[in-house]
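# Descriptive analysis of the structure
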Amino acid sequence: MRPEQQGIEMAVLVSVGRHPLTGRARRADQDARGLELALGLESRLPGSRIGLLHAGPRSEESESALRGYLGMAAGAGMAAGAGMAAGADQGLGSLTLLEQPEGADAISALADHLAAAMPQLVITGTRAERGEGSGWLPYALAERLGWPLVNGLAAVEKVDNGVATLLQALPRGQRRRLQVRLPAIVCVDAAAPAARQSAFGPARRAEIEATPAAADVDHELAGWQMAPARKRPKRLKIIKAASARDRFKAAAAKAEGGSGQVLEGVSSEQGAEAIFTLLREEGVLRS
């Protein structure tokens, strides 16, 4: 008889997304996929609890977007933020909002809250749909807390004795099985399960519990100039061919793969040197 897996404490970091066509505030796609993954894990591990956490300013627009997450788990056992120790039979009752002014750095506030709550698994999206969108936040949190980080998460297969077995998405549909000791931070992207629809009634009845948080000014962001992104024209390759058949073959030809290199069993210094060399060869870094 297989031993029953124990429930775990989970924290899902959510953000205010942006619709790609209308620009209106919405729940972020990757964060919603992270919550969907947490809900699936909660259903398989009785006794698990989920906390929803967001850091940023409170406004009517952001509150409407955040309630899109609150309506995803109607009837599911859920607790939030500092209320993780409460019973999980309360349903999706609230979301913890670490209230900060516009332009404040969320990393310090999130790190302090997670260090106090000590969830076993922190789930976040790979990149925000608003603001900097650099994807740096989970890495900064992992460095600040000293926890391991796994990106490109596709699924959590099991959790046993404080060790989680994860399925990581790789290019071209490949998957890699990893084991990581908890507590840990995982990032999800489009490879994770699609999020379910949000129920309007439970989303409106749930509460957003605002807590004042540290308001460290993001000096780097303050010096940036934000502008709507525009699609750049793609440079066309000039095809020189004598016949129509040659022109068709050149247009339909697949791009040749690059000279990729897989590094295994190397030190952190060797890996960093290989990445630095690649960036210089691709022209990202200039000497």
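Residues numbered from 1 in each chain as written. Predicted model: local features only at pLDDT ≥ 70, side-chain atom pairs only at ≥ 80, totals over all residues. Heavy atoms only, no water.

## Some points on the overall build of the chain
Put simply, the rule reads: By the criteria applied, helices consist of DSSP H or I runs no shorter than four residues and strands consist of E runs no shorter than two, each listed in order from the N terminus. Burial classification: accessible surface area is computed with a 1.4 Å probe over protein chains only, and a residue below 20% of its type maximum counts as buried, one above 50% as exposed, and the rest as partly exposed. When checking whether two residues touch, look at their non-hydrogen atoms; a contact exists if any pair is within 4.5 Å. The accessible surface values rely on the Shrake-Rupley method and a 1.4 Å probe; as for residues, cover is taken only from the protein chains in view.
A tally of regular secondary structure across the chain gives eight helices and 11 strands. Within the span of the chain, comprising 287 residues, buried residues form 37% of the whole. By sequence separation, contacts in the chain at least 24 residues apart represent 72% of the contacts at least 6 residues apart. For the chain, the exposed area adds up to about 18,100 Å²; of that, 50% sits on carbon and sulfur atoms.

## What to know about the layout of surface pockets
Filter applied, for reference: Using a grid of 1 Å spacing that covers the protein atoms alone, one calls a set of points a cavity when a 1.4 Å probe fits there but cannot get out, and a pocket when the set is open and has protein on both sides within 12 Å along at least five of seven lines; lining residues are those with an atom within 4 Å of a point. Grid points are joined across faces, edges and corners, and a volume is the space filled by probe spheres set on the points. Gly is put with the polar residues, along with every residue not named as nonpolar or charged; the nonpolar set is Ala, Val, Leu, Ile, Met, Phe, Trp, Tyr, Cys and Pro, and the charged set is Asp, Glu, Lys and Arg.
Approximately 1,600 Å³ is the volume found for the largest pocket. Taken together, 49 residues make up the lining of the largest pocket; nearest its centre are A128, R130, G131, E132 and G133. Secondary-structure elements contributing two or more residues to the lining of the largest pocket are strand 2 (16-18), strand 3 (25-27), strand 4 (49-56), helix 2 (60-70), helix 3 (106-117), strand 6 (121-125), helix 4 (137-145) and helix 6 (219-222). No other element matches the four residues that strand 4 contributes to the lining of the largest pocket. The residue makeup of the lining of the largest pocket, split by class, is 23 nonpolar, 14 polar and 12 charged.

## A word on the pairing of strand 6
As a reminder of what qualifies: Whether two strands pair comes down to DSSP finding at least two bridges between them.
Of all five residues in strand 6, five are buried, a share of seventy percent or more. Here strand 6 shows two buried faces, one formed by L121, I123 and G125 and the other by V122 and T124. Taken together, the three bridges between strand 1 (residues 9-13) and strand 6 define a ladder with parallel strand orientation. By the bridge assignment, M10 is partnered in strand 6 with L121.

## Things to note about helix 3
For the record, the criterion: The length a helix should cover is 1.5 Å for every residue beyond the first. As used in this structure description, the phrase polar contact means that two N or O atoms lie within 3.5 Å; if the pair is within protein, one of them must be able to donate a hydrogen and the other to accept it, and residues adjacent in sequence are counted only when both atoms belong to side chains.
End to end, helix 3 covers 16 Å across 12 residues, agreeing with the expected 16 Å (1.5 Å per residue, within 8%). Inspection of helix 3 places A106, I107, S108, A109, L110, A111, H113 and L114 among the buried residues, and these make up the whole buried set. In this structure, the buried side of helix 3 is in contact with strand 1, strand 4, strand 5 (94-99), strand 6 and helix 4. Here helix 3 starts with a cap whose side-chain oxygen sits 3.2 Å from the backbone nitrogen of I107, and that cap is D105. M118 lies just past helix 3 and shows a positive phi near 55°.

## Brief notes about the pairing of strand 4
Across the eight residues that make up strand 4, a large majority, eight, are buried. Burial of strand 4 is two-sided: the residues R49, G51, L53 and A55 facing one way and the residues I50, L52, H54 and G56 facing the other way are all buried. Across five bridges, strand 1 lies against strand 4 in parallel orientation. For M10, the partnering residue across the bridge sits in strand 4 and is I50. Pairing between strand 4 and strand 5: four bridges, direction parallel.

## Considerations on unusual backbone geometry
Negative phi characterises most residues that are not glycine, and trans characterises most peptide bonds. Looking along the chain, the bond that leaves L182 and enters P183 is cis, with omega of 5°. Note on placement: P183 falls in the loop between strand 9 (175-181) and strand 10 (184-188). Of note in this structure, M118 is not a glycine but carries a positive phi near 55°. The phi torsion at N161 lies on the positive side, around 55°, for a residue other than glycine. Along the chain, the position of N161 falls in the loop between strand 7 (149-160) and strand 8 (163-169).

## Re the packing of aromatic side chains
To describe a pair of aromatic rings, one takes the distance between the centres and the angle between the planes. Definition in use: Aromatic rings from Phe, Tyr and Trp, taking only the six-membered ring of Trp, are treated as a pair when their centres fall within 6.5 Å; an angle between ring planes under 30 degrees marks them as stacked, one over 60 as edge-to-face, and anything in between as tilted.
As enumerated under the stated definition, the model contains one aromatic pair in all. Measuring from ring centre to ring centre gives 6.5 Å for W136 and Y139, while their planes differ by 15°; the resulting arrangement is stacked. A residue is classified by how much of its surface remains accessible, and W136, at 47% relative accessible area, is partly exposed.

## A look at the sheet that holds strand 6
Pairing between the strands of a sheet is mediated by backbone hydrogen bonds and can be parallel or antiparallel. Threshold: The axes used here are C-alpha line fits, helices contributing only the stretch in contact, and every angle between their N-to-C directions lies in the interval 0 to 180 degrees.
Across the sheet, which stays open at both edges, the nine strands sit in the order 9-8-7-10-6-1-4-5-11 with mixed pairing between neighbours. Pairing within the sheet leaves two strands with one partner each, and these edge strands are strand 9 and strand 11 (207-212). Direction aside, neighbouring strands of the sheet carry axes that sit 35° apart on average. Along the sheet, helix 2 contacts strand 4, strand 5 and strand 11; its crossing angle with strand 11, the most-contacted strand, is approximately 120°. Against the sheet, helix 3 contacts strand 1, strand 4, strand 5 and strand 6, and its axis sits at roughly 155° relative to strand 4.

## Digging into the pattern of salt bridges
What counts, and what does not: Within this document, salt bridges are pairs made up of a side-chain nitrogen of Lys or Arg and a carboxyl oxygen of Asp or Glu, the two lying within 4 Å of each other.
Applying the stated criterion to the full structure yields eight salt bridges. E61 serves as the salt-bridge partner of R130, at 3.6 Å between the closest nitrogen and oxygen. Taken as a pair, R130 in the loop between strand 6 and helix 4 and E61 in helix 2 lie far apart in primary sequence, 69 residues in all. A relative accessible area of 30% means that R130 is categorised as partly exposed. Given a relative accessible area of 44%, E61 falls into the partly exposed group. For E157, the salt bridge is made with R177, and the minimal N-O distance between the two is 2.7 Å. Of this pair, E157 sits in strand 7 while R177 sits in strand 9, placing them 20 residues apart in sequence. Taking the relative accessible area as the measure of exposure, R177 reaches 55% and is therefore exposed.

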